Amino acid sequence: MNGKQAAGELAVKYIQDGMNVGLGTGSTVYWTILKLGERVREGLQVRAVPTSVRTEELAREQGIPLIQFADLARPLDLTIDGADEVNPQLSLIKGGGGALLREKLVAAYSERFIVVADDTKEVAALGRFPLPVEVVPFGWEITSRRLAALGCEPILRRSDRDGTTYHTDNGNYILDCRFGTISDPGSLGRELNALPGVVEHGLFVGMAERCLLGGENGSVREIVIR
Ligand SMILES: O=C[C@H](O)[C@H](O)[C@H](O)COP(=O)(O)O
């Protein structure tokens, strides 16, 4: 069992009967969804909010009951999601799979947010992974120049399939921004949020309470910060 599978599956132990849960996106939370599907078929009662079209399809295949995000009467009990980088304070870079906007909406409306990743995602400081920034297509070139002025090299994301411009589930573009070491993720996040044309960015600061990091040998280390 590899680190992604080990961490992804183990996180299901935090899901209890009757919970409403947020399901993240990516190759680690894939294992969470498969394991949750097993539990649901064994009788666990949950309702889930998916953070992407891909996750919605997988959750449906697994028979996991879904609820519309907009129909939630109160915050989700728990969200489980992956990350592209995790620092010791559990600040994250997310969005490598393009799902950062719905992921942030869902995580922000959750009582608890747990991250699953393999231990290659652990870093001393964020910034090795280019920061995904979701922007509106209108005038994206201008937004890109304004992002560059903050000290990065934005690159318009293209689809792996055919090389055309990548569109998010929300119809926006992604600029992958190489900032180098990000010493103050909170402050950079606020600068990005203040830029017209930026819909959301992949810095998740002060949101995760726990991270499950899987190793190659299938062991899982849990980091808790509150
Ligand atoms: O947009 C995608 C998400 O933020 C993913 O959770 C993140 O990219 C990590 O994905 P993976 O578990 O596949 O490495």
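Criteria and thresholds
Along each chain, residues carry numbers from 1 onward, in the same order as the chain's sequence is written. Only residues with pLDDT of at least 70 are given local features in this predicted model, and only at 80 or more are side-chain atom pairs given and counted; all residues enter the totals for whole chains, interfaces and linings. UniProt positions are given in the numbering used here, feature names are shortened, and annotations may be inferred rather than shown by experiment. Residue ranges for the domains originate in an automatic or database domain assignment. We call two residues in contact when their backbone-placed C-beta atoms lie within 7 Å. Numbering of helices and strands starts at the N terminus; helices are DSSP runs of H or I of at least 4 residues and strands are runs of E of at least 2. In this scheme every C-beta is placed from the backbone, and a residue whose C-beta has 20 or more other C-beta atoms within 10 Å is buried, one with 12 or fewer is exposed, and one in between is partly exposed. Any two strands with at least two DSSP-identified bridges between them are counted as paired. Axis definition: a line fitted to C-alpha atoms, over the contacting stretch in the case of helices. Angles run 0 to 180 degrees between N-to-C directions.

Going by the annotation in an unreviewed UniProt entry, the name recorded for the chain is Ribose-5-phosphate isomerase A, with Paenibacillus gansuensis given as the source organism. Per UniProt, the comment on the chain under Catalytic activity (unreviewed entry) is "aldehydo-D-ribose 5-phosphate = D-ribulose 5-phosphate". Checking UniProt for the chain, the heading Sequence similarities (unreviewed entry) contains the comment "Belongs to the ribose 5-phosphate isomerase family."

Segmentation of the chain into domains returns domain 1 (3-123 + 205-224) and domain 2 (131-197). Taken together, the contacts link 12 residues of domain 1 with 11 residues of domain 2. The leading source of residues in the side of domain 1 that touches domain 2 is helix α4 (residues 100-108), at three residues.

Within the secondary structure, Met-1 sits in the segment before α1 (3-10). We classify Met-1 as exposed; it has 12 C-beta atoms within 10 Å. Between the alpha carbons of Met-1 and Arg-190 there is a distance of 39 Å; along the sequence they are 189 residues apart. Beyond its immediate chain neighbours, meaning those up to four positions away, Met-1 contacts Ala-6 and Gly-218.

What follows concerns the sheet that holds strand β1 (residues 20-23). Spatially, the six strands line up as an open sheet ordered β2-β1-β3-β6-β12-β13, and their pairing is mixed. Strand pairing shows two members of the sheet lacking a second neighbour, β2 (47-50) and β13 (220-224), which therefore form its edges. Within the sheet, the average angular offset between the axes of one strand and its neighbour, ignoring direction, is 20°. Sheet topology note: the strand β6 (residues 113-118)/strand β12 (residues 210-214) ladder contains five bridges and is parallel. Along β12, the bridge assignment pairs Asp-118 with Gly-214. Each of β1, β3 (78-81) and β6 touches helix α2 (residues 29-42); the most contacted strand, β3, lies at about 130° to it. In the packing of helix α3 (residues 53-61) onto the sheet, the strands contacted are β1 and β2, and the crossing angle to β2 comes to about 150°.

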